[in-house]
Amino acid sequence: MPETYEHTTVYFGDVAGFSEAIAQTTSPFGIVDILNGLYSVCDHVITQFDVFKVETVQDAYLIVSGLPVRNGARHIEEVSCMALALRRDVGTMKLDAAPGVTFKLRVGINSGSCVASVIGSKMPRYCLFGDTVNTASRMESHGEPDKIHVGEQTVALIEQGHQACGFLFQKRGLIEIKGKGKIPTYWLLGQPAGEVICA
């Protein structure tokens, strides 16, 4: 049955440099090695946070916090810290199958409510629906390599006191988003010196 979760943060991420790495690899086994290396690094980071990996498609990840187990207001902190850790660790990967290629994450994040449901019966999939999910996807597709692009709702919730403000944001300005018009967005830069929200 579909279920609504009012307090979630959704993460979309893909890897700049992935196609270049695949182009250097003529063997299917080399492609498997690259994907396995990428997934191993990402999964190691993900397990350190209160998040749920919804889906992976090649180099793309969909991750959420706040469902299926609700965690109050912690969803923004969990996804933000995870995104910073993923950017760091993926950016330092060494690829035996594609020497000289550097991976850089392009990340989109947005917060709000969404609906989750299992779809299908033969090969069921756990899927997310709603404007929060769509906007997070748009943040990723309108983002830049090695940057974490954040929707205004995430920053607004922090400013309203729904989440401890231990992150540095830079206003990107207004960008045109299909179906939403021009909206303000932000870059997540990191944490202020001395802050230890992200262990």
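Everything that follows concerns the structure shown earlier in this document.
Residues numbered from 1 in each chain as written. Predicted model: local features only at pLDDT ≥ 70, side-chain atom pairs only at ≥ 80, totals over all residues. Heavy atoms only, no water.

Colleague: What's the story with the packing of helix α2 (residues 28-46) against helix α3 (residues 75-91) in this structure? I'm lost.
Modeller: Think of two packed helices as two axes; the pair is described by the angle between the axes and how far apart they sit. Where α2 contacts α3, the two axes come as close as 9 Å, and the packing angle between them is 150°. In terms of their interaxial angle, α2 and α3 are classed as roughly antiparallel. Handedness of the α2/α3 crossing: right-handed. Across from L38, V41, C42, V45 and I46 in α2, the residues of α3 making contact are M82, A85, L86, D89 and V90. Tallied by class, the residues present in the contact of α2 with α3 amount to 9 nonpolar, no polar and 1 charged. (Axes fitted to C-alpha atoms, helices over the stretch in contact; angles between N-to-C directions. Helix = DSSP H or I, 4+ residues; strand = E, 2+ residues; numbered from the N terminus. Parallel < 35°, antiparallel > 145°, perpendicular 65-115°, else oblique. Left-handed = near helix turned anticlockwise from the far one by under 90°. Contact = heavy atoms within 4.5 Å. Nonpolar A, V, L, I, M, F, W, Y, C, P; charged D, E, K, R; others polar.)

Colleague: Explanation requested: the nonpolar core in the structure shown.
Modeller: Generally speaking, nonpolar side chains in soluble globular proteins are found buried as a group. Of all hydrophobic cores here, the largest spans 36 residues; its most connected members are Y11, M82, F103, I109 and I148. Listing elements by their share of this core, those giving two or more residues are β1 (3-16), α1 (18-23), α2, β3 (60-65), α3, β4 (104-119), β6 (147-151) and β8 (181-190). Counting residues per element, this core draws most heavily on α3, which supplies 8 residues. Filtering out sequence-adjacent residues up to four positions away, Y11 remains in contact with Y61, L62, I63, V79, M82, A83, L86, L105, V107, G108 and I109. Judged by nonpolar contacts, the second largest core, of 12 residues, contains V10, V64, L128 and V133. (Core = buried A, V, L, I, M, F, W, Y, C linked by side-chain atoms within 4.5 Å. Buried < 20%, exposed > 50% of the residue type's maximum accessible area, 1.4 Å probe, protein only.)

Colleague: Help me understand the pattern of salt bridges in this model?
Modeller: Pairing between side chains of opposite charge can happen when their charged atoms approach one another. Enumeration over the complete set of coordinates arrives at 11 salt bridges. Between K147 and E144 there is a salt bridge, and its shortest N-O distance comes to 3.2 Å. By relative accessible area, which is 30% here, E144 ends up partly exposed. Overlapping salt bridges bring together D14, R106 and E140 as one network. (Salt bridge = Lys/Arg side-chain N within 4 Å of Asp/Glu carboxyl O.)

Colleague: So what exactly am I meant to see when it comes to the state of the cysteines here?
Modeller: A disulfide bridge is the covalent bond that connects two cysteines by way of their sulfur atoms. Within this structure, the stated rule accounts for 0 disulfides. There is no disulfide at C42, and the cysteine sulfur nearest it, in C81, is 16 Å away. A relative accessible area of 4% means that C42 is categorised as buried. Free cysteine: C127, not disulfide-bonded; nearest cysteine sulfur from C114 at 12 Å. Accessibility expressed as a relative area gives 15% for C127, which makes it buried. (Disulfide = S-S within 2.5 Å.)

Colleague: Honestly, the side chain of R106 in this entry has me stumped. Any pointers?
Modeller: Of note, R106 is situated in strand β4. At 3.5 Å, the side chain of R106 forms a polar contact with the side chain of E140. With sequence-adjacent residues up to four places away left out, R106 is seen in contact with F12, G13, D14, E140, G143, E144, P145, D146 and K147. (Polar contact = N/O pair within 3.5 Å; in protein donor to acceptor, adjacent residues only side chain to side chain.)

Colleague: Please clarify how unusual backbone geometry should be interpreted in this entry.
Modeller: Most peptide bonds take the trans configuration, and most residues that are not glycine carry a negative phi. Cis geometry is adopted by the peptide bond preceding P68, which originates at L67 and carries an omega value of -5°. Relative to the assigned elements, P68 resides in the loop between β3 and α3. Phi angles above zero are rare outside glycine, and Q58 is one such case at about 50°. Residue placement: Q58 occurs in the loop between β2 (52-57) and β3. Of note, D146 is a non-glycine position whose phi angle comes to about 70°, a positive value. For D146, the position within the fold is in the loop between α4 (131-141) and β6.

Geometric descriptors of this kind do not, in isolation, establish any biological role.
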